[in-house]
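Single-letter residue listing:
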There are 2 protein chains.
Amino acid sequence: MATIHDVAARAGVSPATVSRFLRGQRVRSAEAIQAAVDEMDYWPSATAQSLQSGRTHTIGVVVPDITNPYFAAVVKGMESVTRHTDYRIQLANTDESSEREDAVLAEMIRRVDGIILAPATEQDQTPLYVRDAGVPLVFVDRDLLGGEHFDAVLVNNAKGGQQAGEHLLGLGHTRIAAISGSQDTTPGRCRREGFVKALTAAGVEIPPEHDLVGDFREESGYQLALSLLSLPEPPTAIFSANNLMTLGALKALRDLRTDIPGEMSLIGFDDLDTGPLLRPPLTVIDRPMVEQGALAMRLLLRRFEDQYANDAARRIILDTKLIERASTAPPRKPRTAAGAGRTGRGRQR
Amino acid sequence: MATIHDVAARAGVSPATVSRFLRGQRVRSAEAIQAAVDEMDYWPSATAQSLQSGRTHTIGVVVPDITNPYFAAVVKGMESVTRHTDYRIQLANTDESSEREDAVLAEMIRRVDGIILAPATEQDQTPLYVRDAGVPLVFVDRDLLGGEHFDAVLVNNAKGGQQAGEHLLGLGHTRIAAISGSQDTTPGRCRREGFVKALTAAGVEIPPEHDLVGDFREESGYQLALSLLSLPEPPTAIFSANNLMTLGALKALRDLRTDIPGEMSLIGFDDLDTGPLLRPPLTVIDRPMVEQGALAMRLLLRRFEDQYANDAARRIILDTKLIERASTAPPRKPRTAAGAGRTGRGRQR
DNA sequence: CCATTCTCTGAGAACGGTTTCAGTTGAGTA
DNA sequence: TACTCAACTGAAACCGTTCTCAGAGAATGG
C-alpha cells in the first residue's frame, strides 16, 4: 500500500504538498503529483484521516431485528440518504435485548460519529451515556422515557392504536382483544393505551384476559392468539400491535381453522409487502417506513453541521393511516343477550 | 476525551505502561492505572488502534437490497457470527447496480478488513480489484465468472431450477413458463438453465414467449406474469426465480382473478415468512438463508487467521429443497389435442 | 559480594495522514 | 535595483495508540 510519502518522493515534493493537491489546493507540481498518484494507485488511508480529523464518517444504526421488514425498510431509508454523502452505515442487531444494546452502544461510541437507535426498552439509560460521550443520537420508531431532549422520528402510536380500536368499534365489535407489544417500549405502551382509550371512550370494557402483552415477535403473537381462542368466551376481534405478531396470530387462527373475518376480525399494526396477498388481505394501521429511516438520517446528519449542532431537539411525529382490507368485518352475531352458551371454536369448510 | 497520556500522567507512569496494562501484561502500578482509568472513564481510541495495527475490525457487507427478506436473513446470519467476535458490520445496498457496487467497493476497501459481496452481475471486474488491494472477499448467493479462486457460499441453483421443473412436469404440466432473474447473475442464469434442462430432458419445449427474464424485483414479476396471462395460449404453470418476483406474479394473478392452482400453478424460488399464509400457500424451492450468511462470515473470519490465510478458496454449495404447498397442482385440462381455441383468461367466482 | 539472569520500565519511533508556521520564490512596483 | 506582497513550499508537530529497544532494578547463583 502506497503512502503519501511514497507519492511525494516519486513526485519530488513533500507529503504536505501532495496532501494539499489532493484536497484541491493549487500546487505547482500538479501534473507530477497526479502522475505519481495514478502510477502508484494511491488512495489515502481512511484510518489516518480519521485519526487526524477526529471523525470516522460512520453512522451506527442499532435496531432490534433487521429481518423485521419494518426495520429493513427503515435501514433502507437511511441508506438512501447516506448514499449521497460520504457517510456509511455500521449495523447492529440487539434482538430486543437491553444488555446486548448496552454492549453494542458502548463499543460503537468509539467508532462512529453518530448513532440512530431503536431502543430495546424505554428505561434504558445507556443512551444518555452516549450523549455524554459527545456522540449525537437520534431515536427512530421507539422513544426513551426522558428522551425529550433527543432528536427522534416516531409515529403517533397512541393515535394509531386508537384508529384500530375505533375501526373495530365502528364495525360493531364489543368483545375485543389486544395483543400488545412489550410494555416497556414506547410503541408497545402507546399503541395499547390508544387502543384501550378508544374502547373506554365508547363504553366498551376490555377484560384482563383479552388484554394480552407479547414481545413483538411472531411466536408471541402465535401463542397469545391461541390463548385467546381457547377462552370460554373468545373475542370477536383482535388488534395485534406489530407486523410479526400479526403474522403469528394469523398462523394461530389458520391452524385452528378460524374463519377471518367471519368468526374473528384481525387488525394489525404495520403493513407487510404481502399484506394484500394474504388470506384474507390484512386490515392494518400503516405508517411510512422508508421515510422514517430517511428522516432520522437527515436529522442526524444535520447535527454535524455547525449551524445546527446545538439546536433544540427535533421530534418528528408522523401520522398513521388505516388501510382497510378484508380481515375485519362486523361480528357475525351482533351481541344480543348476555351469552350463557359458550361459543365453541368454529370450524369452517 | 481522555487519552492514554492523560491516564499515564495521572497514574504517574508512561503511556507505554498504561498500554501494556490494558493489554493484560503484568505491571507494577496496576492499581494506580486502574484507578486512573476508572476515574477518567478512559477508553482507547479505536481509530488510533486501527492506524497502528492496520486492522479496522470491520467487515463490509454489500447486498443488492436489504429489504429483500432473503438478504435480511443473510445479514442476520452474519451478525449472529460477528456478535461473538470483535468485528462489526458495515452495510451497503447496491440496488442491483454495478456502478453503485463499484463505487461502494472502491470506498470500502479503504476501511474494512474483509468484504462479503453478492455481486450485481457475474461480469463485474471490481471484485478482482478488491483482492488486489489485499482485502479478502467472500461471495454469497451470487458468484462471479472466473470467481473460482474466491471463497463463496452458494446454493445449487441449477439443481433448484431443475427441481422446480421436475415438480411441474410431475404434475403433468407441459405448457410451462419461467420468469427468470437477470441472466448476468449466477442465480438468474443457473436457475433458468436447470429449469430448462429439466423440461428438455422430459421432451417438453419451452417456447420463447414463455421463457421470460426479469430483474429479481417485484415489479418485473408482476409485469411478466401479466404478459404471460395475455398470451393467446397462456401456460398452465409458472416458475418464478426469486421471492420478490413470485410476489409480483402472485399480485398479477390475483389482479386478473386467475385461480391458483386451478388455472395456473405457481412455484417460486426462496421461501417467505408469509409463504404458508398466502392464498394459496406457496410451493417454493427453499434454501438455508440465515445459515448462508453465517457460513460466509465464518469463511471470511478464517482468512484472518494466519493458518488459513493462504488456503485454497473454499466453495460451499448448499442444497435446495422443494416445499410443496398448495400453489401447484395438475393442470385442469390435461393437454389433449392441439388447441385451436384460444384459452380465455378465466374468471373465478 | 559480584556476575548473570529476569522482569519491568520509559523514551522514542512508528502508523499515515493534516496542519501550522516559517520560509522561499517570483512577479509587480517604485 | 531594491522592496512589497502574494503564492507556494517543506520541516516539524500532531492525532492516540503500540512496538522496539536499551536500561534500571530486583532476584538468583556461585
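Remember, predicted model here, so these are calculated numbers, not experimental data.

About the thresholds
Residues numbered from 1 in each chain as written. Chains lettered and ligands numbered in written order. Predicted model: local features only at pLDDT ≥ 70, side-chain atom pairs only at ≥ 80, totals over all residues. Heavy atoms only, no water. Salt bridge = Lys/Arg side-chain N within 4 Å of Asp/Glu carboxyl O. Helix = DSSP H or I, 4+ residues; strand = E, 2+ residues; numbered from the N terminus. Buried < 20%, exposed > 50% of the residue type's maximum accessible area, 1.4 Å probe, protein only. Least-squares fit on C-alpha atoms with pLDDT ≥ 70 in both. Contact = heavy atoms within 4.5 Å. Near = heavy atom within 4 Å. Polar contact = N/O pair within 3.5 Å; in protein donor to acceptor, adjacent residues only side chain to side chain. Nonpolar A, V, L, I, M, F, W, Y, C, P; charged D, E, K, R; others polar. Pairing = 2+ DSSP bridges. Axes fitted to C-alpha atoms, helices over the stretch in contact; angles between N-to-C directions. Expected span 1.5 Å × (residues − 1). Buried area = accessible area lost by both parts, 1.4 Å probe. Core = buried A, V, L, I, M, F, W, Y, C linked by side-chain atoms within 4.5 Å. Domains from an automatic or database assignment. Phe/Tyr/Trp six-rings, centres within 6.5 Å; stacked < 30°, edge-to-face > 60°.

Undergrad: Is there a simple way to think about the pattern of salt bridges in this case?
TA: Evaluated as defined, the whole model comprises 52 salt bridges over all chains. Close ionic contact of R100 of chain B with E79 of chain A constitutes a salt bridge, the shortest N to O distance being 3.9 Å. Linking R100 of chain B in helix α6 (residues 98-108) with E79 of chain A in helix α5 (residues 69-82), this pair reaches from one chain into another. Each member of the pair R100 of chain B and E79 of chain A is classed as buried. Several salt bridges converge on common partners, so that one network encompasses D65, D95 and R100 of chain A together with K76, E79 and R83 of chain B.

Undergrad: Please explain the relation of the copies chain B and chain A as it appears in this structure.
TA: Comparison of the two chain copies shows a relationship of rotation about an axis with a shift along it. With an axial shift of 0.0 Å and an RMSD of 0.0 Å, the rotation relating chain B to chain A amounts to 180°. Classification of the inter-copy transformation places it as that of a two-fold axis. In this assembly the copies share their binding face: 100% of the residues contributing to the interface of chain B also contribute to that of chain A.

Undergrad: Help me understand the protein's contact with DNA strand D, please; the structure alone is not making it clear to me.
TA: In the vicinity of DNA strand D there are 25 residues, among which T17 and R20 of chain A together with I4, H5 and S19 of chain B approach most closely. Those atoms of DNA strand D that come within 4 Å of the protein belong to sugar or phosphate at a rate of 68%. Interatomic distance of 2.5 Å between a side-chain N/O atom of T17 of chain A and a phosphate oxygen of DNA strand D. A distance of 2.6 Å is found between a base nitrogen of DNA strand D and a side-chain nitrogen or oxygen belonging to R20 of chain A. Sorting the residues of the surface near DNA strand D by element identifies α2 (15-22) and α4 (46-53) of chain A together with α1 (4-11), α2 (15-22) and α4 (46-53) of chain B as the ones contributing at least two each. Residues of the surface near DNA strand D, tallied by class, amount to 10 nonpolar, 10 polar and five charged.

Undergrad: What is the right way to read the sheet that holds strand β8 (residues 237-240) of chain A from this model?
TA: In sheet architecture, strand pairing relies on hydrogen bonds along the backbone and comes in two forms, parallel and antiparallel. All names here are of chain A. In space, the six strands of this open sheet follow the order β7-β6-β8-β9-β10-β12, with mixed pairing throughout. A strand with exactly one partner marks an edge of an open sheet, and here the two such strands are β7 (211-213) and β12 (321-323). Across the sheet, the mean angle from the axis of one strand to that of its neighbour is 15°, orientation sign disregarded. Sheet topology places strand β9 (residues 265-269) next to strand β10 (residues 283-286); three bridges connect them, and they run parallel.

Undergrad: What should I look at first to understand the environment of E209 of chain A in this one?
TA: Residues and elements named next belong to chain A. Examined against the element boundaries, E209 turns out to sit in the loop between α9 (186-201) and β7. A relative accessible area of 42% places E209 in the partly exposed class. Along the chain, E209 and L295 lie 86 residues apart, while their C-alpha atoms are 39 Å from each other. Contacts of E209, omitting those with residues within four sequence positions, involve L228 and L231.

Undergrad: Honestly, the side chain of D143 of chain A in this entry has me stumped. Any pointers?
TA: Residue and element names in this part refer to chain A. Secondary-structure assignment places D143 in the loop between β4 (137-140) and β5 (151-155). On the accessibility criterion, D143 (10% relative accessible area) is buried. When near neighbours in sequence (up to four residues on either side) are disregarded, D143 contacts P119, E122, L154, T186 and R315.

Undergrad: Can you walk me through helix α11 (residues 243-255) of chain B in this structure?
TA: Each α-helix winds once per 3.6 residues, and so residues spaced three or four apart point in a common direction. Residues and elements named next belong to chain B. The terminal C-alpha atoms of α11 lie 18 Å apart, and with 13 residues this matches the ideal 18 Å at 1.5 Å per residue to within 8%. With respect to burial, α11 is a largely interior element, 10 of its 13 residues being buried. Those residues of α11 that sit buried are N243, L244, M245, T246, L247, G248, A249, L250, A252 and L253. In this fold, the buried residues of α11 make contact with α5 (69-82), β6 (176-180), α10 (218-229), β8 (237-240) and β9 (265-269). One or two residues past the end of α11 sits R257, with phi positive at roughly 55°.

Undergrad: In this structure, what is going on with the interface of chain B and chain A? I would like to understand it.
TA: The extent of an interface is frequently quoted as the accessible surface area lost upon association of the parts. Across the boundary between the two partners, chain B contributes 48 residues, which contact 48 residues of chain A. Roughly 4,500 Å² of surface becomes buried between chain B and chain A when both sides are summed, with 54% attributable to carbon and sulfur atoms. Scanning the region where chain B abuts chain A turns up 10 salt bridges. Seen at the junction of chain B and chain A, the total is 23 residue pairs in polar contact (both at pLDDT 80 or more). By residue class, the composition of the side of chain B that touches chain A is 21 nonpolar, 11 polar and 16 charged.

Undergrad: Sorry, what's going on with the nonpolar core here?
TA: Note that soluble globular proteins tend to have their nonpolar side chains buried in a common cluster. Formed by 80 residues in total, the largest nonpolar core has its most connected members in I179, F195 and F239 of chain A together with I179, F195, F239 and L266 of chain B. Each residue touching F239 of chain A, except ones within four places of it in the same chain, is listed here: G161, A164, L168, A177, A178, I179, R191, F195, I267, G268 and F269 of chain A. V61 and I316 of chain A together with M289 and F304 of chain B belong to the second-largest nonpolar core, a separate cluster that totals 60 residues.

Undergrad: Hey, could you run me through the domain arrangement of chain A in this one?
TA: Residues and elements named next belong to chain A. Partitioning chain A into structural domains gives domain 1 (4-44), domain 2 (56-156 + 289-319) and domain 3 (157-287). The C-alpha centroid of domain 3 is placed 28 Å from the C-alpha centroid of domain 2. If you look at the interface, domain 2 gives 20 residues, while domain 3 gives 21 residues. Taken together, the two surfaces of domain 2 and domain 3 that pack against each other cover about 1,600 Å², and 45% of this comes from carbon and sulfur.

Undergrad: Is there a simple way to explain unusual backbone geometry in this structure?
TA: Residues other than glycine predominantly adopt negative phi, and peptide bonds predominantly adopt the trans conformation. Residues and elements named next belong to chain A. Geometrically, the link from I260 to P261 is a cis peptide bond, its omega value of 0° lying close to zero. Along the chain, P261 turns up in the loop between α11 (243-255) and β9. The step from R279 to P280 runs through a cis peptide bond, and the omega angle for that step is -10°. Topologically, P280 is positioned in the loop between β9 and β10. Residues other than glycine seldom take positive phi values, yet D141 does so here, at roughly 70°.

Undergrad: Help me understand the packing of aromatic side chains, please; the structure alone is not making it clear to me.
TA: Two aromatic rings are characterised by how far apart their centres lie and by the angle between their planes. Residue and element names in this part refer to chain A. Across all of its chains, the model carries eight aromatic pairs over all chains by this definition. With a centroid separation of 5.3 Å and 20° between ring planes, the pair formed by Y87 and F304 is classed as stacked. Of this pair, Y87 sits in the loop between α5 and β2 (88-93) while F304 sits in the loop between α12 (290-302) and β11 (315-318), and the two are 217 residues apart along the sequence. As far as the burial class goes, Y87 and F304 line up, both buried.

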